[in-house]
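Survey of secondary and tertiary structure
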Amino acid sequence: MRFVKLFKPDYYISSYRNLDVRRLKENHIRLLLCDIDNTLAGPHERDADVQVAQFLRRVQQAGIETMICSNSRPSRVRRFVKDLPVDQAYGFSFKPLVYQLKRAMHHAHTDAAHTAIMGDQIFTDILGGNRIGLYTILTNPVSTSDKGVTMLNRLLEKFVFRYLEKKYSFRKGDYDD
C-alpha cells in the first residue's frame with residue numbers, strides 16, 4: 001500500500017499554536033501555507049483572532065513567509081485575512097489539487113523542498129502537499145463543527161488515520177514537542 005504514504009503527515013500537532021518553528025527551520029522551510037477552516041479557526045468564525053495573528057508573526061519572525069491556501073470562497077478568505085500579516089491568500093484552492101499550492105510557491109520564489117503546508121484534513125491538505133513533495137503538517141481540528149462534504153471526509157479519514165497509527169506507530173499528539 002505505497003499510496004498510503006500520500007496520506008501520512010511529516011509532522012502531527014494538536015494545534016497550530018504548538019507548531020515548533022525551529023523544526024521548520026531545521027527542515028529548511030521558507031514558506032508555510034496555512035489552511036483556515038478548522039486549522040486556524042472554526043469554519044463559522046468570520047474573522048481571525050489575536051492568537052492567529054500572533055502565530056503568523058512568530059513564524060514570520062523566524063524568517064518563514066506565510067500564505068493562506070483555503071478551499072473556502074475567496075470572499076471568506078479575504079475577510080479572514082484582512083488584518084493578518086500574510087503575504088498572499090488564495091481561496092478556492094481545491095486541495096488536494098495542487099495548482100494554487102504551486103502558484104503560492106511561484107509567488108514566494110521557492111520550491112516544494114522549502115515549502116510546508118499545515119491543515120486539519122488528510123484528504124485535502126496532507127494529500128495535496130504530499131502529491132508535490134511539500135513538508136506536511138496535520139493539526140487536530142479547532143472545532144467539532146464542519147461544513148458539507150468535510151463531514152464525509154472526516155468519517156473516511158478515521159479509517160485512514162487508524163491504519164497510519166498502526167503502520168507508523170504514532171497517535172494524536174505524538175509529534176507535539
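Right, let's walk through the structure included here. The shown structure was predicted, so the numbers you read here are calculated from the model rather than taken from an experiment. (Residues numbered from 1 in each chain as written. Predicted model: local features only at pLDDT ≥ 70, side-chain atom pairs only at ≥ 80, totals over all residues. Heavy atoms only, no water.)

Here six strands make up an open sheet; going across it, the order is 1-6-5-2-3-4 and the pairing parallel. Sheet topology places strand 1 (11–13) and strand 4 (88–90) at the edges, where each strand pairs with a single neighbour. Direction aside, the axes of adjacent strands within the sheet are offset by 20° on average. Where strand 5 (residues 115–119) meets strand 6 (residues 135–139), four bridges bridge the pair, whose relative direction is parallel. Of the residues in strand 6, the one forming a bridge with Ile-117 is Thr-136. Most of the contacts of helix 2 (residues 50–61) go to strand 2 (residues 31–34), to which it runs at about 160°, and overall it touches strand 2, strand 3 (65–69) and strand 5. (Pairing = 2+ DSSP bridges. Helix = DSSP H or I, 4+ residues; strand = E, 2+ residues; numbered from the N terminus. Axes fitted to C-alpha atoms, helices over the stretch in contact; angles between N-to-C directions. Contact = heavy atoms within 4.5 Å.)

If you look at the biggest cluster of nonpolar residues, it comprises 28 residues, and the most contacted ones within it are Leu-19, Leu-24, Leu-32, Leu-40, Phe-55, Met-118 and Ile-137. Counting residues per element, the ones that place at least two in this core are strand 1, helix 1 (21–26), strand 2, helix 2, helix 3 (74–81), strand 5 and strand 6. Counting residues per element, this core draws most heavily on helix 2, which supplies five residues. When residues no more than four places from it in sequence are discounted, the contact partners of Phe-55 are Tyr-16, Leu-19, Leu-32, Cys-34, Leu-40 and Met-118. Leu-31, Met-67, Leu-101 and Ala-108 belong to the second-largest nonpolar core, a separate cluster that totals 14 residues. (Core = buried A, V, L, I, M, F, W, Y, C linked by side-chain atoms within 4.5 Å. Buried < 20%, exposed > 50% of the residue type's maximum accessible area, 1.4 Å probe, protein only.)

So, on to the pairing of strand 5. Of all five residues in strand 5, five are buried, a share of seventy percent or more. Burial along strand 5 is two-sided: the face carrying Thr-115, Ile-117 and Gly-119 and the face carrying Ala-116 and Met-118 are both buried. With four bridges joining them, strand 2 and strand 5 adopt parallel strand pairing. Looking across to strand 5, one finds that Leu-33 is bridged to Ile-117. In this view, the connection linking strand 5 to its parallel neighbour strand 6 by way of helix 5 (residues 122–131) has right-handed handedness. (Right-handed = clockwise from strand over helix to strand, strands pointing away.)

Honestly, it's all geometry; don't read function into it.
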